[in-house]
Amino acid sequence: MKIAVIGLGYVGLPLSLQFARSCTDVIGIDVDPKKVELINRGLSYIKHIQAADVAERVNAGKLSATTDFGCIKDVEAVIICVPTPLTKNREPDISFVLDTGRSIAPHLAKGTLVVLESTTYPGTTDEDLRAVLEEGSGMKAGVDFYLAFSPEREDPANDQSKVKLIPKVIGGYTPACLERAIALYTRAIDTVVPVSSCRVAEAAKLLENIFRSVNIALVNELKSVYAAMGIDIWEVIEAAKTKPFGFMPFYPGPGLGGHCIPIDPFYLTWKAREYGKNTRFIELAGEINTAMPEHVVHCVADALNSQRKALNGSRILIIGLAYKPNVDDERESPSYALMNLLTERGAKVEYYDPYVPVIKPTREHLHLAGKQSVKWDRATISSFDAALIATNHNCVNYQELADWAQCIIDTRNAMADVKIAAGKVWKA
Ligand SMILES: NC(=O)c1ccc[n+]([C@@H]2O[C@H](COP(=O)([O-])OP(=O)(O)OC[C@H]3O[C@@H](n4cnc5c(N)ncnc54)[C@H](O)[C@@H]3O)[C@@H](O)[C@H]2O)c1
């Protein structure tokens, strides 16, 4: 079987490798020629994906990459894994999905299966994507070609999170579409979970992400309530999670990050308006989580104040630019919000993150492009008035940080087990 995977990012590349491992010929398509070139040379551009793994599939002739959509005419299935961000006004931007649909449509052969994996609002597959595919191909979904939605579940940097082992929810546009999609995914994935429609599958993915966003907001709120009472939220969570049923731990932090949790819930908010419905939980969680960087900056100011220093003019080191531990992904990272808020108040801000040695140019943070991670040594670390732990990478030596830093503001409880002088760590 030959398939095409479109969008070779954090979702598309591991998925392509898993299909290639499962006796499927995979052609990866991406608009980024650099990614295409690296894959064809057997290299990886994602930290947790080994180049050897890519090289093995490429050398076995099971994986290749291209920027040319013409190859769609020769494949039995097409899987779309392109970005679904928000616009500046925080509305869904499905232009990447629709552009991909327009690029596929002229090459679509009769009987091909098209599956969307990008996270999105219910109706994207059977309304928006179907419309561009039908218009560009002159064929009918469910009659001439098959259409389905199957959300990706990725947990970057979690070694136990293997594409093959994570159950895959699948919804088809028609029962025949569903049957085709099940046949495709059972080649590579151990467990598939069929549901009655594309919309149910789209809605299930949103529920998973909204669940995280709301629960993170809850512990973020409790963090400041309990702190005012002199109670440490981290100790509370450790105690609560010993309950063997009906509880699941979520942890506070400096705000949401990544390409999913800060964004996806608002896809539903936007779509719900079409039906005259409000999404109050989502909006409230968004409000609380978005306010976290401000809360952290207040804590930094308090910590400096206790040493008779002002934020204005202080040198602050942010530790961890990536949005979660042990990954190199800094999209939507709250560290950027922290950098901006601290700089606005006159602080001089640098960062340390071995996984993000230099900040790449992006539309949102163009002013930070080219900024480099500082060196990790006593002279450098001790030269800052305060170190702010935004992400707790395992590779950071927290004992050295304790010994070298003048003052530490910890948003991740990273210093919990480290020997350190009393009063030097401030939890935020
Ligand atoms: N990253 C995650 O952990 C994760 C988890 C679950 C779901 N998702 C969802 O999966 C989707 C993809 O996310 P990602 O993290 O892999 O994004 P990504 O930015 O890492 O990768 C997307 C890739 O698509 C390519 N691309 C963009 N437009 C294209 C086009 N028109 N044609 C071909 N290629 C195109 C980009 O060059 C890029 O390589 C999003 O909807 C996201 O919400 C992501």
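Just so you know, these numbers come straight off a predicted model, no measurement behind them.

**Examining the packing of aromatic side chains**
The final tally for this structure, using the stated rule, is seven aromatic pairs. Summarising the aromatic geometry, the rings of Trp 234 and Tyr 251 are spaced 5.8 Å apart at their centres and angled 10° between planes, so their arrangement reads as stacked. Within this pair, whereas Trp 234 is found in helix H8 (residues 233-240), its partner Tyr 251 is found in the loop between H8 and helix H9 (265-274), the two being separated by 17 residues in sequence. Residue classification places Tyr 251 among the partly exposed residues on the basis of a relative accessible area of 33%. Through a chain of ring-to-ring contacts, three or more aromatic side chains come together here, namely Tyr 121, Tyr 267 and Trp 270. The ring of Tyr 355 carries Lys 47 above its face, with NZ or CZ at 4.1 Å from the centroid. Directly above the ring of Phe 266 sits Arg 90, whose terminal nitrogen or CZ lies 5.1 Å from the centroid.

**Examining the pairing of strand E10 (residues 348-352)**
When a strand is regular, its side chains alternate between the sheet's two faces. With five bridges connecting them, strand E9 (residues 315-319) and E10 associate as parallel partners. From the neighbouring strand, Leu 317 faces E10, where its bridge partner is Glu 350. Regarding topology, helix H12 (residues 334-344) serves as the crossover connection from E9 to the parallel E10, and that connection is right-handed.

**Description of H8**
Taken residue by residue, H8 has Ile 233, Trp 234 and Ile 237 as its buried positions. One face of H8 carries all of its buried residues, which in axial projection span an arc of 100°. Two to three positions downstream of the cap, the backbone nitrogen of Trp 234 sits 3.0 Å from a side-chain oxygen, assigning the N-cap of H8 to Asp 232.

**Description of the pairing of strand E8 (residues 192-195)**
Bridge count between strand E7 (residues 168-172) and E8: four bridges; the pairing is parallel. Residue Lys 168 lies in a different strand from E8, and its bridge partner there is Val 192. Read as a crossover between parallel neighbours, the route from E7 over helix H6 (residues 175-185) to E8 is right-handed.

**Quick word on the nonpolar core**
Counting 39 residues, the largest nonpolar core has Ile 6, Ile 72, Ile 104, Leu 129, Leu 133 and Phe 145 as its most contacted members. The element best represented in this core is helix H7 (residues 198-228), accounting for four residues. Once residues lying within four places of it in the same chain are set aside, the contact partners of Leu 133 are Gly 101, Ile 104, Ala 105, Val 114, Gly 138, Phe 145 and Leu 147. Ranked by size, the runner-up nonpolar core spans 34 residues in total, among them Ile 3, Val 54, Ala 65 and Cys 81.

**Some remarks on the pattern of salt bridges**
Counted according to the given criterion, the structure contains 26 salt bridges. With a shortest N-O distance of 2.8 Å, Glu 127 and Arg 199 are connected by a salt bridge. Placement of the pair is Glu 127 in helix H5 (residues 124-137) and Arg 199 in helix H7, with a sequence separation of 72 residues. Owing to a relative accessible area of 29%, Glu 127 belongs among the partly exposed residues under this scheme.

**Regarding the site of the ligand**
Taken together, 26 residues lie around the ligand, and Val 11, Asp 30, Lys 35, Thr 84 and Thr 119 are the ones closest in. In the environment of the ligand, an oxygen atom lies 2.9 Å from a nitrogen or oxygen atom belonging to the backbone of Val 11. The side chain of Thr 84 places a nitrogen or oxygen atom 2.6 Å from an oxygen atom of the ligand. For the ligand, the protein covers 92% of the area, taking 830 Å² as the surface of the free molecule.

So, how was this worked out
Sequence positions are assigned chain by chain, starting from 1 and proceeding in written order. In keeping with the predicted nature of the model, local features appear solely for residues at pLDDT of at least 70, side-chain atom pairs appear and are counted solely at 80 or more, and the whole-chain, interface and lining totals rest on all residues. Heavy atoms throughout the structure, all of them, feed into the side-chain values; hydrogens and water do not. Each Phe, Tyr or Trp ring (for Trp, its six-membered ring) is paired with any other whose centre lies within 6.5 Å, and the angle between the two planes then decides the class: stacked below 30 degrees, edge-to-face above 60, tilted in between. Secondary structure follows DSSP: runs of H or I at least 4 residues long count as helices, runs of E at least 2 residues long count as strands, and numbering of each begins at the N terminus. Only protein chains enter the area calculation, which uses a 1.4 Å probe; residues under 20% of their type maximum are buried, those over 50% are exposed, and those in between are partly exposed. Whether a charge sits over a ring comes down to the Lys NZ or Arg CZ being within 6 Å of the ring centre and within 35 degrees of the ring normal. Strand pairing requires that DSSP identify at least two bridges connecting the strands. Orient the strands so they point away from the viewer, and a crossover whose first-strand-to-second-strand path over the helix runs clockwise is right-handed. Arc definition: it is the arc formed by the directions from the helix axis to the C-beta atoms. Think of a polar contact as two N or O atoms within 3.5 Å of one another; within protein, one of them needs to be a possible hydrogen donor and the other a possible acceptor, and neighboring residues in sequence only count if both atoms come from side chains. To form a nonpolar core, buried Ala, Val, Leu, Ile, Met, Phe, Trp, Tyr and Cys residues must be joined to one another through side-chain atoms within 4.5 Å. Any two residues whose heavy atoms approach within 4.5 Å are treated as being in contact. Think of a salt bridge as a Lys or Arg side-chain nitrogen and an Asp or Glu carboxyl oxygen that are within 4 Å of each other. By convention in these notes, a residue is near a molecule or strand provided one of its non-hydrogen atoms lies within 4 Å of it. In these tables, accessible area is a Shrake-Rupley quantity obtained with a 1.4 Å probe, and a residue counts as shielded only by the protein chains included in the view.

Geometric values such as these leave the question of function open.
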